[in-house]
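# Topology and contacts: notes
Listed here are the chains, written in short residue letters.
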Amino acid sequence: MKLRILIHPVVCFLLTWSCSTGRFVPESADTSAAWPMFRGDPGRTGYVPITTPIPSLLWKYKTGGAVVSSPAIAHGLLYVGSWDKKVYILNPLNGKRVSRIRLKGSISSSPTVDREKLFVGCEYRDNRLYAFDALSGRMLWKMKAWDIFSSPVTAGDVLLFGSGDGNVYAVTADSGRVLWTFETGAAVRSSPAIAGGLVYAGSMDRRIYALDVTTGAVAWEFETRGSIDSSPAIRGNTLCIGSADSTLYALDASQGRLMWSFRTGGSIHSSPALDDSACYIGSYDGRLYALDLSSGHLLWTWNTDSIIHSSPAVSHNAVFVGAHSGSLSMLDKRNGTLMWHYTTDRSISSSPALTPAGVYVGSKDGHVYAFGFQRAVR
Amino acid sequence: MRTRVFLSNSFVILFIACALIIAWSLPQRVQGQYYFGKNKIQYSQFDWHVIQTQHFHIYFYSEEKPLAETVAAWAEKHYRELERKVAHHIFKPIPLILYSAPSYFQQTNTIPYLLPEGVGGFFEYMKGRVVIPSHGSWPHLNQILRHELVHVFMHHKIDATLRQHRKIVSFSAPLWFTEGLAEYWSQGWNTEADMFIRDAVLTGRLVPLQEMHRIFGTYKMYKQGQSVVKFIAETYGQESITLLLENWPKAKNFDRLLQLTLGTSLKELNDAWTYTLKKRYFPIMKDKEPAEMIAFRLTDGIGINVRPVVVPNPDVSGDQEDIIFLGNTTGYSDIYRLRQKDDEKKPQEIVKGGRSAKFESFHLFRTKLSVSRDGLLAFVSKHKERDALYIWNLDQNRVTARYQWPELIALSSPTWSPRGDRLAFSGIDKGGTADLYVFDRSSGHLRRVTHDIYDDRDPDWSPDGDHLVFSSDRGAYGQEGFYNLYLLSLEGRAVKHRLAVGSGPVPNGPDESLRPTPLTAGKHNDYAPAWSPDGQHIAYSSDREGIFNIYITDRRSRFRCVTNTFGGAFDPDWTSDGRHIIFSGFEEYQFHLYRLEIPEQSNSPVPQTAALDTTGWEPPRLSTQVTRGPLTYRKKFTLDIAQSAFAFSPGWGSFGGVQVAFSDMLGNHHYYFLLANTAEASQEFLERFNFGATYLNLTHRFNYGYGAFHLANDYYNDFDGWYFQRDYGVFGAVTYPLTKFERIESSLQIKKSDRNYSFYLKRRKALLASNYISYVRDTSLWGPVGPLDGMRCNITLGTTTNITQRENHNISFLTDIRKYFRLSQRTSYALRLVGYYSGGDEPLRFYLGGSWSLRGYSFRHFLGRKLVLMNNEFRFPLIDYLRAGLPFLSFGLQSIRGAFFFDVGNAWEKNYDGLYGSFGLGARMRVAGFLVLRFDVAKTTDFHTVSHRPSVQFFFGWDY
């Protein structure tokens, strides 16, 4: 008798649980708003063609470790990794946790959502790239690489990412089967960008590589004087990327020819943001630079008094950037004037994710912050 | 040499404070490990202020305000640069405490220990304080500042990264890496570092990275670490260092960290680094010579022999004149006299340093000596609060004069005028600047002849008496730390330098400066100039070609090199005939004296190529970076330590407690609180509460403390068995240091004491007042496992009075005298004499037996209220380094020392039954830098028979 009474609620629980592990998209979710990967798009431009008003703090969610991963927003959900070894799935409207996935290593890589799959890489000691169902959190597959900082990008059914073992991997998005690998001379922390059938990635061996997406064959490579963990950004035929030699390089994306370079006062780990006419890049000299995209001429600079590791996000009218002093700042894109800022308790290495609803960023104080726009206009 | 970091000051003080509360009520035992020690004396009182900048709180006193403002500007600049290098932002202001002179720095209470003279600054991680002194050179101070800030950033970065990864425990960075990184990021690579590494490689003394523990804490470790970090940065990129710090949470040990980050193991890194060094340095031997090949070596043995000065004697040839120099072959810094004509290379100590208040320190590397034509030796020594200039008669072997000036804290490098009526020297004032002074002995007039921010050092008087030549950083490259030579005419009108800081309150001296003219210039260092006897040339040490060698320059600034060593040559001085130069040469990690016959000039002298400029440099301005201040310093207490402990034993019960310690930023005021409970049942909880509160004031020379306590515990001794005792009361203690080596201590405790004897059903209640007074003296010099030289003694008299009964409760007399007779550099005979007596109704009891007292007998074998002990021990080196290479494990053991001993003693209650003895041999080994393991084999005797079987004892503890 007692056993039957015990089984009945257990069965009910199991049935309920199994039903509830279906989808966790919030009812009021804006599923159109998307920043589904690091820098927002496969070209890693960091640009969203919206006009953004002054934001205000909407919510903040505390994880168990620093958040250096940049949030990805898709399907009305926010996905972000933390150094507490978990991937958090939050409701971007109110910051409530929808789900979380436990892994075995810290997560610096930014998640990528492609269709209904969530991809995220894990650092040492996990060292794996994972694929989950983006709407249920169920693991689809995993594959072993090494100390992954790079954020994956998809080109059709191919998933590409860099690894701490020095390889650029191309795997099938469905199963994680390795299609090809390309070995560079050192760790690949840069997040690959895709344009025109080529995948571009920087390596700590000081080189930028352009590889055929399908075969991995080298189209060209370009050597700088410093290691590269900045991610390339591509607009049209112009590829921009920063190097630890303090220089921002603009290359011809199809041939790898140097178009122009700009030397800052400190090493560059931030990834550039590109809009139609300008390139925006942060440097360890504490400045955000706005450069003419075609010529590399300096348009304006803005000084934070602290280093910039975070990569800027750009709208029609503003640039959003985080700094090591913990501040997230909004600048007037025309002249770099400070329009708004918010200070978190620790450094910001995460790069802001920008949608019409708001701007989202992680901080080393362990929080994910959401700042909402009253009316963002496309 | 700098030592660093990671010293837990508060725990030691707390231990002592708790000992004040508890120790007097417990039976005494013969241990004597911790009640000696030298003294830190607060001679000076400082009027502290604070400047707050964007990232720093800078604590300074009013005399050093200009220096503090410059330090603040430098600090902000370094902060910006290090933030980029380490990719880390520090969110709290960094406390930076500045002292303008070394002897002020040694008075600091930010650290409880006595600072060795070689410490250039430190970062203390409990409160995150950086504490640095000026040694007269502002660029050098800047370098020290940057060195410590590297520690700050490294500590913060690793700490934050671990916490952000939710990792509580991690491995410690090897000290060679920590210090090597700080050296490399503060200095880059310079000729001094190159000299040490070159010497190590060429003489086969480079220590592998896997064995760096063998040189733990030494200057050699600093330089090797600096070289390795340089190699990592050049091979793997500057950013690889940052990556190492960021990867810290991922690794279990440093070797794994290297593999993860650089893809190389420690051994592979060592092999690659060593190979690179050999490729770099071995070819040098093709063109350079060891010093012994070009000059005659005058000293032998192990150690440092520097700053030679010839005793002028025109009646003999230069190779027969006596030489006076500074050396430390005994471990103490002493002044020696070498008689060249004796040919035996056995210098004689003429002035002993480091053992008395009169000659507390001779500042081994910082100051020259000088001998006048009539045989008077001038030297500098620390004497109480500041340095003193001494005149020593070489014939009479005694001090004939001592000079000190209240406004001059540090002195160095005195030089006699040709007529012997004046002395010139370098002096550091309270503001932290080093200038040249001329003192007229007959009139007592002191004249300041330079007055600016530049470091002027090593003056030498010209034979005609009209000029001084000296080394200074006032040149175009001085701000980067380079020194060139300057001539100063002592005639003519003085001109005030535009960069004179402060009013330079010098008695009887004008606030003006003479204008020096450059003799050399360039991005290199020229040190220790010495005029030739004919006044036509100046010999000096220079690294202008990458290695320190001796050069001779004429008055037209043409120079030639007269030594070509690969080690390094320093401190030249001419013999009276002008044909020889005596110098100090560096090789095999030692400094020895050499005599060089000046070679014939084979090539034409080379003219000075760099422009001889007089423009100088200006320190950075702070004004825009100050956010607040100067503010008057106010005490603000922050937590230093909070510890808790809990223990349970089924037989003995439980114990739980917590202790916390607070102190102010300058370390002058401390509060300690102890809370514990030994209840075995809930109804005992209140009765068995232990509480202690202590306040310590270390501000003045007279240190004092007071507090209150309530203690309730079970105790046991062999006489009374088990008893429960409850004490509550107040106490006070004072310490007055007479000198660095001697002090008087006293304490008073008044308590209500209630003792309940469980077995005897007896109870004793009393109001007790205890007074203790001690004289402590310590001049010991330590080897790896214990003292080797000097002496230590502690003589204590104490009485406890039962105020209720108005009678004597107990009286105790304790004496512990230890003398160490140095037999050779590494051997000594150690004698200890101990006498304890306690009488009265509740006397103290003393134990004897075991590895720390009467060896061969078991621990606490003898017990009584009276005790005598004599230990005799011959201490000698046994094994310097032993390496075991097992198939699965390799390890090294070092500094294993041996001992032959003979002990005699007894402890008795009432009836004395004669003396007991033991004799045997033992070995001691230091482990992990702070623990000494002891192994003794002894036979015992009652002086009638000898035990058949030896007793073997294995324990821990320093030699007595």
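One structure accompanies this document, and this report is about it. These figures come from a predicted structure and were not determined experimentally.

Moving on to the overall build of chain A. Each helix and strand in chain A was counted, giving one helix and 32 strands. Its C-alpha atoms give chain A a radius of gyration of 20 Å, near enough to 21 Å, the size a compact globule of 378 residues would have. Taken along its principal axes, the extent of the C-alpha atoms in chain A is 80 × 45 × 30 Å. The buried share of chain A, reckoned over its 378 residues, is 58%.

With that out of the way, let us pick up the sheet that holds strand 20 (residues 467–472) of chain B. Residue and element names in this part refer to chain B. Strand order across the open sheet formed by four strands is 19-20-21-22, with antiparallel pairing between neighbours. One side of each edge strand has no neighbouring strand; the edge strands of this open sheet are strand 19 (456–461) and strand 22 (517–518). As judged from the two bridges shared by strand 21 (residues 484–489) and strand 22, these two strands associate in the antiparallel manner. Across the sheet, residue Tyr486 finds its bridge partner in strand 22, namely Pro518.

A few words now on the interface of chain B and chain A. On the side of chain A, 21 residues touch chain B, which itself brings twelve residues to the contact. Residue composition of the side of chain B that touches chain A, grouped by class: three nonpolar, four polar and five charged.

With 27 residues, helix 4 (residues 138–164) of chain B ought to run about 39 Å at 1.5 Å a step, and its terminal C-alpha atoms sit 38 Å apart, in line with that. Backbone geometry just after helix 4 of chain B places Arg166 of chain B at a positive phi near 60°.

In this section: the environment of Ala681 of chain B. All names here are of chain B. With respect to the helices and strands, the residue Ala681 is situated in the loop between strand 34 (669–677) and strand 35 (689–697). With 8 C-beta atoms packed within 10 Å, Ala681 lands in the exposed category. Spatially, the C-alpha atom of Ala681 lies 9.6 Å from that of Ser654, the residues being 27 residues apart in sequence.

Residue and element names in this part refer to chain B. Ordered by their spatial adjacency, four strands build an open sheet running 6-29-28-27, and the pairing between neighbours is antiparallel. Whereas interior strands pair on both sides, the edge strands pair on one side only; in this sheet they are strand 6 (296–297) and strand 27 (569–574). Direction of pairing for strand 28 (residues 580–587) relative to strand 29 (residues 590–597): antiparallel, over a ladder of eight bridges. By the bridge assignment for strand 29, Phe583 is matched with Tyr594.

Rules behind the numbers
Numbering of residues starts from 1 in every chain and runs along the sequence as written. Working convention: letters from A go to chains and numbers from 1 go to ligands, in the order in which they are written. A pLDDT threshold of at least 70 governs which residues receive local features in this predicted model, and a stricter bar of 80 or more applies before side-chain atom pairs are shown or counted, although totals over entire chains, interfaces and linings include all residues. The helix count covers DSSP runs of H or I at least four residues long, the strand count covers runs of E at least two residues long, and both are numbered beginning at the N terminus. Radius of gyration: over C-alpha atoms. The globule rule applied is 2.2 Å multiplied by the number of residues raised to the 0.38 power. Partly exposed residues are those falling between the two cut-offs: more than 12 but fewer than 20 other C-beta atoms within 10 Å of their own, whereas 20 or more means buried and 12 or fewer means exposed, with C-beta atoms placed from the backbone. Whether two strands pair depends on DSSP finding at least two bridges between them. What counts as a contact is two residues whose backbone-derived C-beta atoms lie within 7 Å of each other. In this classification, the charged set is Asp, Glu, Lys and Arg, the nonpolar set is Ala, Val, Leu, Ile, Met, Phe, Trp, Tyr, Cys and Pro, and all remaining amino acids, among them Gly, are polar. Expected helix span is taken as 1.5 Å per residue step, with the number of steps being one fewer than the number of residues.

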